[in-house]
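Summary of the model geometry
In case you want the letters, here they are:
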Amino acid sequence: MDGRILLLVCLLQVVGSSNISQRHDFFDVILNDKYDPRVPPMNEGKPVLNTIQLYIQGLDSISDSTMDFKMSFFIRQRWYDHRLAYQGRFDFSKVELDTKVMSNIWVPDLYIKNEKKSEIHAVTVPNKLMHIYPDGLVVYSIRVTGTYSCQMYLHKYPLDQQTCSIQMESYGYSTDTLTFQWNDTPLIRRPNLTLPQFSIGHITNHSCDVTYSNVTFTCLGIDIEMSRSYGYYMIQVYIPSFLIVCLSWVSFWLNIDAVPARISLGLLTVLTMTTQSSGARATLPRVSYIKAIDIWMATCLLFVFAALIEFSVVNVKTRVQQRKRLSLKEIPLLLHAKDDVSNEKPKLDNKCRDEARRVDKLSRIVFPLVFLCFNIIYWLVYTIWIPEIQKHD
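A brief report on the enclosed structure follows. In this text the structure is predicted, and so the values were computed from the model without any measurement. As a convention, each chain's residues are numbered from 1 in the sequence order in which they are written. Restriction of local features to residues with pLDDT of at least 70 applies here, the model being predicted, together with a cutoff of 80 or more for giving and counting side-chain atom pairs; totals for whole chains, interfaces and linings are based on all residues. To obtain the side-chain values, all non-hydrogen atoms of the structure were included, while hydrogens and water were left out.

Structural notes on the sheet that holds strand β8 (residues 161-170)
Spatially, four strands are ordered β4-β8-β13-β10 in an open sheet, and the strand pairing comes out antiparallel. One side of each edge strand has no neighbouring strand; the edge strands of this open sheet are β4 (110-112) and β10 (198-207). Put simply, the sheet's adjacent strands are angled 20° from each other on average, direction ignored. Pairing between two strands is assigned when DSSP locates at least 2 bridges connecting them. Here a helix means four or more residues in a row that DSSP labels H or I, a strand means two or more in a row labelled E, and each is numbered from the N terminus. Only the stretch in contact is used when a helix axis is fitted, and all axes are lines through C-alpha atoms; the angle between N-to-C directions ranges over 0 to 180 degrees.

What follows is the structure in structure tokens.
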């Protein structure tokens, strides 16, 4: 029994040493002085066909202020290099290359067009993979994480939908030398891919070949559709501002003589709405167009300010009688003016106070009704409407 084990160990050692020897021969024969990694493997003048697949590992964050997003993914590329074919010379099913050897192999000059900043992971070694198959097929995969620009249209913010893209293009080779095409399964996404503030919709792929100075370069792109989750904004912005507007209507039920209370309530709601409006827009870029959040905040501020103006009107009406009585006292031509003013006082007083009370009663109905109509129009418009600029995109 011990002899069989010893024989098996010896055979494995022989096979292992033979395999190592063949790998040395492979590099000596295939990657010799005749192989030039600076030259693309064009066969009979045909452009190199690079087949690409993306595995989306994660969408980490999206920034409205800088209009970019962060994504981690694997770029998997496949092309044929006839100079690396070894069928009939070696019996490997495939050759797995070390990262130190990959620099000796020609690879497509793919770059990401809308990249701001990115990196290839290098823990504990550079996250690269390269396999060579007998027929010269090269499979190349790298793991990339970066920040990429995303043109956002914030007309409907925070009820908006955005489409962010990744565009992969050849930097130096025209379509006469290198072309990109999508794999039969172009996109794979990690299950349960989520974002805190967005729900991820369809991810589609397309071709985006571009021409510079009459030279066409190959390009492939993906579009990621995202809808903003506005639950956070409902809790932090819409509901508090709605309640502040309702709070400003409390002054309509206060006594018309409660001047300090009504002034304090009006100023408090106006200042609170101003602070709320500034906080809601603090993280947004300074765009020139009007956003949905601007319409909401401006209207809420207008309502609380109108409630303060309503009190001013009521207060003025309650003081009309006093001004009229003072003016009558200054007319020296009236006989017994003092007695006349004394008789006029109750009439003027009751009339003016009744008018002030009618303004308050009318405001109790008009303000909530107008605000309700605004809410209906606001939510219908910004739920259904799609900006023209996004339609064209």
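Digging into helix α3 (residues 231-248)
Because each turn of an α-helix spans 3.6 residues, side chains separated by three or four positions in sequence point in the same direction. Helix span is expected to be 1.5 Å times the residue number reduced by one. Taking 1.5 Å as the rise per residue, α3 with 18 residues should run 26 Å; its terminal C-alpha atoms sit 25 Å apart, in good agreement. Bend is the name given here to the angle between axes fitted to two runs of seven residues, the run ending at a residue and the run starting at it. Along α3, the helix axis deviates most sharply at Tyr-238, where the bend reaches about 30°; the proline Pro-240 sits within four residues downstream. In this scheme, a residue with accessible area under 20% of its type's maximum is buried, one over 50% is exposed, and one in between is partly exposed, where area comes from a 1.4 Å probe on protein chains only. Turning to α3, its buried residues number three or more, namely Tyr-233, Val-237, Tyr-238, Ser-241, Ile-244, Val-245 and Ser-248.

Some details on the packing of aromatic side chains
When we look at a pair of aromatic rings, we describe it by the centre distance and by the angle of the planes. Working definition: a ring pair exists when centres of Phe, Tyr or Trp rings (six-membered ring for Trp) sit within 6.5 Å. Plane angles under 30 degrees give stacked, over 60 give edge-to-face, the rest tilted. Counted according to the given criterion, the structure contains 30 aromatic pairs. Considering the side-chain rings of Tyr-212 and Phe-217, the 5.8 Å spacing of their centres and the 50° angle between planes classify their relative orientation as tilted. Residue classification places Tyr-212 among the partly exposed positions, given a relative accessible area of 35%. Given a relative accessible area of 12%, Phe-217 falls into the buried group.

Side note on the nonpolar core
Counting residues in each nonpolar core, the largest one holds 80 residues, and the members touching the most others are Phe-69, Met-71, Ile-75, Met-168 and Ile-222. In terms of residues, this core owes the most to one element, helix α5 (residues 292-318), which gives nine residues. In what follows, a contact means two residues having at least one pair of non-hydrogen atoms within 4.5 Å. Setting aside chain neighbours within four positions, we find Phe-69 in contact with Leu-59, Ser-61, Ile-62, Gly-146, Thr-147, Tyr-148, Ser-149, Cys-150, Cys-164, Ser-165 and Ile-166. Throughout, nonpolar core names a set of buried Ala, Val, Leu, Ile, Met, Phe, Trp, Tyr and Cys residues whose side chains join them through atoms within 4.5 Å.

Digging into the state of the cysteines
Two cysteine sulfurs form what is called a disulfide whenever their separation falls within 2.5 Å. If you walk through the whole model with that rule in mind, you get two disulfides. Here Cys-150 pairs with Cys-164 through a disulfide, and the sulfurs are 2.0 Å apart. Its S-S torsion of about -85° marks the bond between Cys-150 and Cys-164 as left-handed, since a negative value means left-handed. On the criterion of sequence distance, the pair formed by Cys-150 in the loop between β7 (137-149) and β8 and Cys-164 in strand β8 is long-range, its members being 14 residues apart. Cys-150 sits in the buried class, given a relative accessible area of 3%. Disulfide pairing is shown between Cys-208 and Cys-219; the S-S distance is 2.0 Å. Across the S-S bond linking Cys-208 and Cys-219, the dihedral sits near -65°, which makes this disulfide left-handed. Residue Cys-208 is found in the loop between β10 and β11 (210-212), and its partner Cys-219 is found in strand β13 (residues 219-228); the two are separated by 11 residues along the sequence. Of the two residues, Cys-208 and Cys-219, neither departs from the other in class, the shared state being buried. Disulfide connectivity for the chain, with bonded cysteines indexed by sequence position, reads 1-2, 3-4.

Such coordinate-based values are descriptive only and should not be taken to indicate function.
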